[in-house]
Amino acid sequence: MKKLLAFLCISSMIIACGGGGDDTTNTSSDSSDSTSEPVAAADGEKIYKQYCVTCHGLYGDMGASGAANLTESTLSVEERIPVITNGRNTMTGFKALLNEEKIKAVAEYTMTLSEEQ
Ligand code: HEC
(Lines give C-alpha, C1' and ligand atoms only; values in the text may rest on other atoms or scores of the structure.)
Protein backbone atom coordinates (compact mmCIF):
# COMPACT_ATOMS: atom_id res chain seq x y z
CA MET A 1 0.00 0.00 0.00
CA LYS A 2 2.85 2.37 0.82
CA LYS A 3 4.40 1.62 -2.54
CA LEU A 4 1.18 2.46 -4.33
CA LEU A 5 0.95 5.79 -2.51
CA ALA A 6 4.52 6.63 -3.43
CA PHE A 7 3.77 5.74 -7.02
CA LEU A 8 0.69 7.95 -7.06
CA CYS A 9 2.67 10.78 -5.53
CA ILE A 10 5.47 10.57 -8.06
CA SER A 11 3.19 10.17 -11.03
CA SER A 12 1.04 13.10 -10.01
CA MET A 13 4.17 15.22 -9.72
CA ILE A 14 5.17 14.24 -13.21
CA ILE A 15 1.72 15.09 -14.51
CA ALA A 16 1.76 18.44 -12.71
CA CYS A 17 5.14 19.23 -14.21
CA GLY A 18 4.46 18.19 -17.74
CA GLY A 19 0.84 19.28 -17.79
CA GLY A 20 1.56 22.92 -18.56
CA GLY A 21 3.62 22.15 -21.58
CA ASP A 22 5.07 24.79 -23.80
CA ASP A 23 2.58 27.46 -24.69
CA THR A 24 3.05 27.99 -28.39
CA THR A 25 -0.16 29.94 -28.88
CA ASN A 26 1.32 33.35 -28.05
CA THR A 27 3.18 33.83 -31.32
CA SER A 28 0.79 36.55 -32.49
CA SER A 29 1.22 38.76 -29.41
CA ASP A 30 3.70 41.05 -31.13
CA SER A 31 1.12 42.26 -33.60
CA SER A 32 1.51 45.99 -34.14
CA ASP A 33 -2.20 46.56 -34.66
CA SER A 34 -2.98 48.45 -31.48
CA THR A 35 -5.15 51.21 -32.89
CA SER A 36 -8.44 50.33 -31.25
CA GLU A 37 -7.54 48.14 -28.31
CA PRO A 38 -7.36 50.02 -25.01
CA VAL A 39 -3.90 50.39 -23.55
CA ALA A 40 -3.79 49.23 -19.94
CA ALA A 41 -1.87 52.25 -18.76
CA ALA A 42 -1.66 54.67 -21.65
CA ASP A 43 1.50 56.67 -21.15
CA GLY A 44 0.48 60.31 -21.40
CA GLU A 45 4.03 61.60 -21.35
CA LYS A 46 5.07 59.33 -24.21
CA ILE A 47 2.06 60.37 -26.27
CA TYR A 48 2.74 64.05 -25.54
CA LYS A 49 6.36 63.74 -26.65
CA GLN A 50 5.29 61.96 -29.79
CA TYR A 51 2.42 64.19 -30.95
CA CYS A 52 2.38 67.47 -29.10
CA VAL A 53 5.92 68.77 -28.65
CA THR A 54 6.11 70.00 -32.25
CA CYS A 55 3.78 72.86 -31.34
CA HIS A 56 3.60 72.98 -27.56
CA GLY A 57 7.22 72.11 -26.82
CA LEU A 58 8.56 69.72 -24.21
CA TYR A 59 7.39 71.93 -21.35
CA GLY A 60 4.15 73.14 -22.94
CA ASP A 61 5.29 76.75 -23.38
CA MET A 62 6.91 76.75 -26.82
CA GLY A 63 3.89 78.20 -28.60
CA ALA A 64 4.82 77.18 -32.16
CA SER A 65 2.07 77.79 -34.73
CA GLY A 66 0.32 79.93 -32.14
CA ALA A 67 -0.09 76.99 -29.81
CA ALA A 68 -1.62 77.74 -26.45
CA ASN A 69 0.78 77.91 -23.52
CA LEU A 70 -0.13 74.78 -21.60
CA THR A 71 1.71 75.92 -18.48
CA GLU A 72 -0.78 78.79 -18.25
CA SER A 73 -3.87 76.98 -19.42
CA THR A 74 -6.78 77.21 -17.03
CA LEU A 75 -8.77 74.43 -18.70
CA SER A 76 -9.69 71.35 -16.71
CA VAL A 77 -8.99 67.84 -17.98
CA GLU A 78 -12.63 67.58 -19.05
CA GLU A 79 -12.23 70.76 -21.11
CA ARG A 80 -8.92 69.71 -22.66
CA ILE A 81 -10.22 66.36 -23.89
CA PRO A 82 -12.53 67.87 -26.58
CA VAL A 83 -9.77 70.27 -27.71
CA ILE A 84 -7.36 67.38 -28.15
CA THR A 85 -10.04 65.15 -29.69
CA ASN A 86 -11.51 67.59 -32.21
CA GLY A 87 -8.86 70.29 -32.41
CA ARG A 88 -9.43 74.04 -32.20
CA ASN A 89 -8.43 76.69 -34.74
CA THR A 90 -4.90 75.82 -35.91
CA MET A 91 -4.59 72.81 -33.62
CA THR A 92 -5.61 69.64 -35.40
CA GLY A 93 -7.73 67.03 -33.63
CA PHE A 94 -6.23 63.72 -32.63
CA LYS A 95 -9.24 61.44 -32.72
CA ALA A 96 -7.92 59.73 -35.85
CA LEU A 97 -4.59 58.99 -34.19
CA LEU A 98 -5.43 58.43 -30.55
CA ASN A 99 -8.24 56.52 -28.89
CA GLU A 100 -10.30 57.92 -26.03
CA GLU A 101 -8.07 56.44 -23.36
CA LYS A 102 -4.90 57.86 -24.90
CA ILE A 103 -6.46 61.29 -25.29
CA LYS A 104 -7.47 61.19 -21.63
CA ALA A 105 -3.96 60.14 -20.64
CA VAL A 106 -2.29 62.92 -22.60
CA ALA A 107 -4.85 65.47 -21.33
CA GLU A 108 -3.96 64.41 -17.78
CA TYR A 109 -0.28 64.73 -18.63
CA THR A 110 -0.76 68.30 -19.87
CA MET A 111 -2.20 69.14 -16.44
CA THR A 112 1.22 68.38 -14.94
CA LEU A 113 2.87 71.00 -17.17
CA SER A 114 1.09 73.77 -15.33
CA GLU A 115 3.43 75.75 -13.10
CA GLU A 116 0.92 76.27 -10.35
CA GLN A 117 0.49 72.60 -9.61
C1 HEC B 1 -0.15 71.88 -35.07
C2 HEC B 1 0.32 72.34 -33.79
C3 HEC B 1 -0.28 71.68 -32.56
C4 HEC B 1 -0.14 70.38 -32.16
C5 HEC B 1 0.63 69.27 -32.86
C6 HEC B 1 -0.84 70.26 -30.92
N7 HEC B 1 -1.40 71.46 -30.57
FE8 HEC B 1 -2.50 71.83 -28.92
N9 HEC B 1 -2.85 73.71 -29.56
C10 HEC B 1 -2.33 74.26 -30.73
C11 HEC B 1 -2.89 75.59 -30.91
C12 HEC B 1 -2.58 76.52 -32.04
C13 HEC B 1 -3.75 75.80 -29.81
C14 HEC B 1 -4.61 77.04 -29.55
C15 HEC B 1 -5.92 76.81 -30.23
C16 HEC B 1 -6.78 78.06 -30.23
O17 HEC B 1 -6.24 79.15 -30.33
O18 HEC B 1 -8.00 77.91 -30.16
C19 HEC B 1 -3.70 74.61 -28.98
C20 HEC B 1 -4.42 74.43 -27.81
C21 HEC B 1 -4.32 73.34 -27.00
C22 HEC B 1 -5.02 73.18 -25.75
C23 HEC B 1 -5.96 74.18 -25.11
C24 HEC B 1 -5.24 75.00 -24.11
C25 HEC B 1 -6.08 76.16 -23.61
O26 HEC B 1 -5.82 76.59 -22.48
O27 HEC B 1 -6.94 76.64 -24.33
C28 HEC B 1 -4.68 71.97 -25.24
C29 HEC B 1 -5.11 71.35 -23.93
C30 HEC B 1 -3.78 71.36 -26.20
N31 HEC B 1 -3.58 72.22 -27.24
C32 HEC B 1 -3.21 70.12 -26.04
C33 HEC B 1 -2.52 69.46 -27.04
C34 HEC B 1 -2.10 68.10 -26.95
C35 HEC B 1 -2.31 67.19 -25.74
C36 HEC B 1 -1.48 67.80 -28.11
C37 HEC B 1 -0.93 66.45 -28.55
C38 HEC B 1 -1.86 65.33 -28.53
C39 HEC B 1 -1.49 68.99 -28.93
N40 HEC B 1 -2.13 69.98 -28.24
C41 HEC B 1 -0.92 69.09 -30.18
C42 HEC B 1 -1.45 73.66 -31.59
C43 HEC B 1 -1.08 72.34 -31.57
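Residues numbered from 1 in each chain as written. Predicted model: local features only at pLDDT ≥ 70, side-chain atom pairs only at ≥ 80, totals over all residues. Heavy atoms only, no water.

Thoughts on the packing of helix H2 (residues 44–51) against helix H5 (residues 100–111)
Where H2 contacts H5, the two axes come as close as 8 Å, and the packing angle between them is 90 degrees. Viewed along their axes, H2 and H5 adopt a mutual orientation that is roughly perpendicular. Contacts between H2 and H5 involve Gly 44, Glu 45, Ile 47 and Tyr 48 on the former and, on the latter, Lys 102, Ala 105, Val 106, Tyr 109 and Thr 110. (Axes fitted to C-alpha atoms, helices over the stretch in contact; angles between N-to-C directions. Helix = DSSP H or I, 4+ residues; strand = E, 2+ residues; numbered from the N terminus. Parallel < 35°, antiparallel > 145°, perpendicular 65-115°, else oblique. Contact = heavy atoms within 4.5 Å.)

Describing the packing of aromatic side chains
Here the structure, examined in full by the defined rule, presents 2 aromatic pairs. Note on Tyr 48 and Tyr 109: the rings are 5.3 Å apart at their centroids and 50 degrees apart in plane angle, and the pair reads as tilted. Separated by 61 residues along the polypeptide, Tyr 48 in helix H2 and Tyr 109 in helix H5 bring together distant segments of the chain. Judged by relative accessible area, which is 1%, Tyr 48 ranks as buried. Residue Tyr 109 is classed as buried on the basis of its relative accessible area of 16%. Taking the centre distance of 6.0 Å and the plane angle of 70 degrees together, the rings of Tyr 51 and Phe 94 count as edge-to-face. Of the two residues, Tyr 51 is situated in helix H2 and Phe 94 in the loop between strand S2 (91–92) and H5; the sequence distance between them amounts to 43 residues. Overall, the relative accessible area of 25% leaves Tyr 51 in the partly exposed class. (Phe/Tyr/Trp six-rings, centres within 6.5 Å; stacked < 30°, edge-to-face > 60°. Buried < 20%, exposed > 50% of the residue type's maximum accessible area, 1.4 Å probe, protein only.)

Overview of the site of the ligand
Of all residues adjacent to the ligand, which total 22 residues, the nearest are Cys 52, Cys 55, His 56, Ser 73 and Met 91. One of the side-chain nitrogen or oxygen atoms of His 56 is found 2.7 Å away from a nitrogen atom of the ligand. Arg 88 places a polar side-chain atom, nitrogen or oxygen, 2.7 Å from an oxygen atom of the ligand. Mapped by element, the contributors of at least two residues to the shell around the ligand are helix H3 (53–56), helix H4 (77–86) and H5. In terms of residue class, the shell around the ligand is built from 12 nonpolar, 8 polar and 2 charged. (Near = heavy atom within 4 Å. Polar contact = N/O pair within 3.5 Å; in protein donor to acceptor, adjacent residues only side chain to side chain. Nonpolar A, V, L, I, M, F, W, Y, C, P; charged D, E, K, R; others polar.)

Re unusual backbone geometry
The backbone of Ser 65 shows a phi angle near 55 degrees, a positive value even though the residue is not glycine. Relative to the assigned elements, Ser 65 resides in the loop between H3 and H4. Ser 65 sits in the exposed class, given a relative accessible area of 57%. One non-glycine residue with positive phi stands out, namely Asn 89, at about 50 degrees. For Asn 89, the location among the structural elements is in the loop between strand S1 (87–88) and S2. Residue Asn 89 is classed as exposed on the basis of its relative accessible area of 77%.

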